[in-house]
Amino acid sequence: MTENFDYTLELDFAKSLARQAGRMLLDSYNAPTGVLTKSDGTLVSDVDKRVARFIVAELAKKFPQYAILDEENPLRHPEKQTEGLWIIDPLDGTRQYLAKGRDFGVLIGLVKDGKPILGVAYRPVIDELAYAEHDRGAFMQTNGKITKLEVTNSKNLSVLVSDSREDSELTKLLDSLQPEKVHKMHGAFKAVEVAKGTTTAYMCSRINTMHVWDICAPSIIVTEAGGKVTDLHGKPINYSLKETTKCKNGIIVSNGFMHERIIATIAPIIG
């Protein structure tokens, strides 16, 4: 079981790598090159690939016992998944990065026995490093100060949704929930905002699907902060990679207090 292991070494290394990768992103921030549109409609640039190569090489050298998956490359050493699996997004929020925004960064997670056991999420523009390890809490380090992350206990539903991915199913879900507030934001760092307690929920529909690299690291940060992460049916996210890297059944991230209410309310819509 994951609780019998100490992953402090892996977490500290992932935190250091995220900061280094963040500096690489900022180095190319004002003049990105090689911007292309991938087959799924998302963007990629030379810096995505360069940062991916850097993180993967460093992790493989330091922890050769683990498999590695990143957004820009296929799964490496799948036979090592039983020991552990790194899941990486070298640049989450490429559109925001290219638009000179702030809500982009580096996501590094480690999965064991099909569950995330540590995660790091770093936004370099604001120097905000969120991280968590299984059963050891979630924390935020910014401007040299470390604070413990805790979700809000509010039962007033405020929902974060994608600023660039509106779709018909999400509209129906929001109409059924009638949240007090709906906020828009780029990238997977919306989940980190739930962990910080700035909002009560974040939702992604089945139409604009996310991938495991978008949610792996943020999910353990949320759960260690007291929240909950499931698909739209209330089931755990599948990190097995046996079928696909897509989170085909959508995602709900919440403070936990609102989770069952959300699932019950949207059930007639998603079937």
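Heads up: these notes are all about the structure in this document. (Residues numbered from 1 in each chain as written. Predicted model: local features only at pLDDT ≥ 70, side-chain atom pairs only at ≥ 80, totals over all residues. Heavy atoms only, no water.)

**Things to note about the pattern of salt bridges**
Here is step 1 of the chain: Under the criterion given, the structure shown has 14 salt bridges.
Here is step 2 of the chain: Across the salt bridge formed by D6 and R136, the nearest N and O atoms sit 3.5 Å from each other. With D6 in the segment before α1 (8–27) and R136 in the loop between β8 (128–133) and β9 (138–142), the pair connects residues that are 130 residues apart, well separated along the chain.
Here is step 3 of the chain: On the basis of relative accessible area, R136 is assigned to the partly exposed category, the value being 44%.
Here is step 4 of the chain: For R76, the salt bridge identified is with D70, shortest N-O distance 2.9 Å.
Here is step 5 of the chain: A relative accessible area of 0% places D70 in the buried class. (Salt bridge = Lys/Arg side-chain N within 4 Å of Asp/Glu carboxyl O. Helix = DSSP H or I, 4+ residues; strand = E, 2+ residues; numbered from the N terminus. Buried < 20%, exposed > 50% of the residue type's maximum accessible area, 1.4 Å probe, protein only.)

**Some thoughts on the layout of surface pockets**
Here is step 1 of the chain: When its volume is computed, the second largest pocket comes out at roughly 370 Å³.
Here is step 2 of the chain: In terms of lining residues, the second largest pocket is bounded by 14 residues, among which K115, P116, S219, T223 and V229 are the most central.
Here is step 3 of the chain: Sorting the residues of the lining of the second largest pocket by element identifies β7 (115–123), α6 (212–224) and β15 (228–230) as the ones contributing at least two each.
Here is step 4 of the chain: Counting residues per element, the lining of the second largest pocket draws most heavily on α6, at four residues.
Here is step 5 of the chain: Among the residues making up the lining of the second largest pocket, the classes are represented as six nonpolar, five polar and three charged. (1 Å grid on protein atoms, 1.4 Å probe; cavity = no way out; pocket = protein on both sides within 12 Å on 5 of 7 lines; lining within 4 Å. Points joined across faces, edges and corners; volume = space filled by probe spheres on them. Nonpolar A, V, L, I, M, F, W, Y, C, P; charged D, E, K, R; others polar.)

**Observations regarding the side chain of E128**
Here is step 1 of the chain: Here E128 shows up in strand β8.
Here is step 2 of the chain: Note on E128: relative accessible area 10%, which makes it buried.
Here is step 3 of the chain: The contact partners of E128, leaving out residues within four places of it in the chain, are A121, Y122, R123, M140, Q141, T142 and K196. (Contact = heavy atoms within 4.5 Å.)

**So, the pairing of β7**
Here is step 1 of the chain: A large share of β7 lies buried, amounting to eight of its nine residues.
Here is step 2 of the chain: Connecting the antiparallel pair strand β6 (residues 105–112) and β7 is a turn made up of two residues, with D113 showing a positive phi of about 55 degrees.
Here is step 3 of the chain: Where β7 and β8 come together, six bridges link them in antiparallel fashion. Residue pairing in the sheet places L118 in a bridge with E133 of β8.
Here is step 4 of the chain: Connecting the antiparallel pair β7 and β8 is a turn made up of four residues, with D127 showing a positive phi of about 50 degrees. (Pairing = 2+ DSSP bridges.)

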